[in-house]
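# Residue-level structural notes
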Amino acid sequence: WAVHAPYVARINELKKERGAVILAHNYQTPDIFYGVADITGDSLGLARDAARVDADVIVQCGVHFMAETSKILAPEKTVLLPDMDAGCSLAEGITGADVRLLKERYPGVPVVVYVNTSAEVKAEADICCTSSNAVEVVESLGVDRVIFAPDKYLGQWVASQTDVEIILYEGSCEVHERFTGAEIETYRRQHPGVYVLAHPECPQDVLKAADYVGSTGHMIKHLDETPAKQVVMITECSMSDNVASEHPEKEFIRPCNLCPHMQRITLPKILAALENMAPEVTVPEKVIAGARDSLQRMLDVGR
Ligand code: 13P
Ligand code: SF4
């Protein structure tokens, strides 16, 4: 903490002067998560909070698509992203033109896009979803089949939970695709009785081997309900660091796959963003309207 303390103090001071709130994703490191964040959560929670938070400035501690989502839902606010290179392999794997091609290939079939996409992709889609509400969103459309993009693993997970036919796209998360079912079996051998929670961006053999599958927010909530003494969270490893301090009664086995994009956000960059009021995320007006419709339809479905 000695290294972080001066940054934490200055950021918290400057945040008040600027009328800013800091929204931090569950994957942010503990110095950010506990030191300077005003609101923490999963993608869906942060999207909801961006729309209702009472502040002129949002500092998004997360990746670019999350900052864009905040801007789309709160266009009157200034949205700062401390490092503009904080991307996401899923968002980079699909463009608006790809969605148009999908629509030509499957005329009349609704397109559901994961929130881990650019504003342009959201604007081309019919509705967005996050890993918290993907099944509900797909079922809310009342159709026999949907196109689901870009995460093939989340799409496969949704397909296993619903009778709606899912047309998949070839995208994946560079962090979660590295986990394997064999790894889970090893944890079970080494720690008999361990409770395994996994994010649905993981491959199917991982999800089949897990005790619980859910978004980052749902995993955190589920931890409160499980009496297991030893747990392993198959997701980005900063999250275990964050939740471990709230569950001293549990032992966390920590496989470590870090998201290089999330890790780009640091205290010095947050301070610089507040000092310079930059870098600022903007979305062209004509894209905002379409992207907002897709996000709003998702928010109307609920969690
Ligand atoms: P959540 O919606 O579960 O927070 O996931 C976001 C994400 O990027 C997972 O890799
Ligand atoms: Fe994107 Fe994967 Fe990083 Fe989440 S963990 S932001 S899906 S690259």
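As recorded by an unreviewed UniProt entry, the protein carries the name Quinolinate synthase and is attributed to Natronospira bacteriovora. Quoted verbatim from the Subcellular location (unreviewed entry) field of UniProt, the annotation for the protein is "Cytoplasm". In UniProt, the protein has this text filed under Function (unreviewed entry): "Catalyzes the condensation of iminoaspartate with dihydroxyacetone phosphate to form quinolinate."

Of the regular secondary structure elements, the protein holds 15 helices and 12 strands. A globule of 303 residues ought to have a C-alpha radius of gyration of about 19 Å, and the protein, at 19 Å, matches this closely. In terms of overall dimensions, the protein has a C-alpha envelope of 55 × 55 × 25 Å along the principal axes. The buried share of the protein, reckoned over its 303 residues, is 47%. Relative to all contacts within the protein whose residues are 6 or more apart in sequence, the contacts with residues 24 or more apart total 63%.

This next bit is on the UniProt feature "binding site: iminosuccinate" (unreviewed entry) in the protein. Under the feature "binding site: iminosuccinate" (unreviewed entry), the UniProt entry names His-25, Ser-43, Tyr-114, Val-115, Asn-116, Ser-131, His-199, Pro-200, Glu-201 and Thr-216. Structurally, Tyr-114 is set in strand E5 (residues 111–114). When the 30 C-beta atoms within 10 Å are taken as the criterion, Tyr-114 is described as buried. In contact with Tyr-114, not counting residues within four places along its chain, are Leu-90, Cys-129, Pro-150, Asp-151 and Leu-154. If we ignore the near neighbours within four places in the chain, the residues touching Ser-131 are Leu-154, His-199, Pro-200, Glu-201 and Ser-215.

Turning our eyes to something else, we now look at the nonpolar core. If you look at the biggest cluster of nonpolar residues, it comprises 92 residues, and the most contacted ones within it are Val-112, Ala-210 and Ile-234. In this view, Ala-210 contacts Ile-184, Val-196, Leu-197, Ala-198 and Ile-234; residues no more than four positions away in its chain are not counted.

Around ligand 2 there are 14 residues in total, and Cys-88, Ser-89, Cys-173, Val-175 and Cys-259 lie nearest to it. The residues that make up the shell around ligand 2 include at least three from each of domain 2 (90–174 + 286–301) and domain 3 (176–253).

With that settled, the discussion passes to the UniProt feature "binding site: [4Fe-4S] cluster" (unreviewed entry) in the protein. The UniProt feature table records "binding site: [4Fe-4S] cluster" (unreviewed entry) at Cys-88, Cys-173 and Cys-259. These annotated residues cover 172 residues of sequence, but their C-alpha atoms sit close together, with the largest distance between any two at 9.4 Å. Inspection of the secondary structure assignment puts Cys-88 in the loop between strand E4 (78–80) and helix H5 (89–92). Leave out the neighbours within four places in its chain, and Cys-88 touches Val-63, His-64, Phe-65, Asn-116 and His-261. Mapped onto the fold, Cys-259 is located in the loop between strand E12 (251–253) and helix H14 (267–276). Taking the C-beta count within 10 Å as the criterion, Cys-259 has 23 such neighbours and is therefore assigned buried. Not counting residues within four places of it along the chain, the set of residues in contact with Cys-259 comprises Tyr-27, Val-175 and Glu-236.

The domains assigned to the protein are domain 1 (5–87 + 262–281), domain 2 (90–174 + 286–301) and domain 3 (176–253). Distance from the C-alpha centre of domain 1 to the C-alpha centre of domain 3: 27 Å. In this complex, domain 1 contributes 11 residues to the contact, which on the side of domain 3 involves 9 residues. Listed by contribution, the elements that provide at least two residues to the side of domain 1 that touches domain 3 are helix H2 (30–35) and helix H3 (43–52).

On to the sheet that holds strand E8 (residues 165–168). Reading across the sheet, the 4 strands line up as E6-E5-E7-E8 and stay open at both edges, with parallel pairing between neighbours. Each edge of the open sheet is held by one strand with a lone partner, namely strand E6 (127–129) and E8. Neighbouring strand axes in the sheet, compared pairwise and without regard to direction, differ in orientation by 35° on average. By the bridge criterion, 3 bridges tie E5 to E6 in an arrangement that is parallel. Within E6, the residue paired with Val-113 across the bridge is Cys-128.

Relative to each other, helix H4 (residues 64–73) and helix H15 (residues 285–301) sit at 95°, their axes nearing to 9 Å. In terms of orientation, H4 lies roughly perpendicular with respect to H15. Here H4 contributes Thr-69, Ile-72 and Leu-73 to the contact with H15, which in turn contributes Ile-288, Ala-291, Arg-292 and Leu-295. A class-by-class count of the residues in the contact of H4 with H15 yields 5 nonpolar, 1 polar and 1 charged.

What counts, and where the lines are drawn
Residues numbered from 1 in each chain as written. Chains lettered and ligands numbered in written order. Predicted model: local features only at pLDDT ≥ 70, side-chain atom pairs only at ≥ 80, totals over all residues. UniProt positions renumbered as here; feature names shortened; annotations may be inferred. Helix = DSSP H or I, 4+ residues; strand = E, 2+ residues; numbered from the N terminus. Rg over C-alpha atoms; globule rule 2.2 N^0.38 Å. Buried ≥ 20, exposed ≤ 12 C-beta atoms within 10 Å, placed from the backbone. Contact = placed C-beta atoms within 7 Å. Core = buried A, V, L, I, M, F, W, Y, C linked by C-beta atoms within 7 Å. Near = placed C-beta within 6 Å. Domains from an automatic or database assignment. Pairing = 2+ DSSP bridges. Axes fitted to C-alpha atoms, helices over the stretch in contact; angles between N-to-C directions. Parallel < 35°, antiparallel > 145°, perpendicular 65-115°, else oblique. Nonpolar A, V, L, I, M, F, W, Y, C, P; charged D, E, K, R; others polar.

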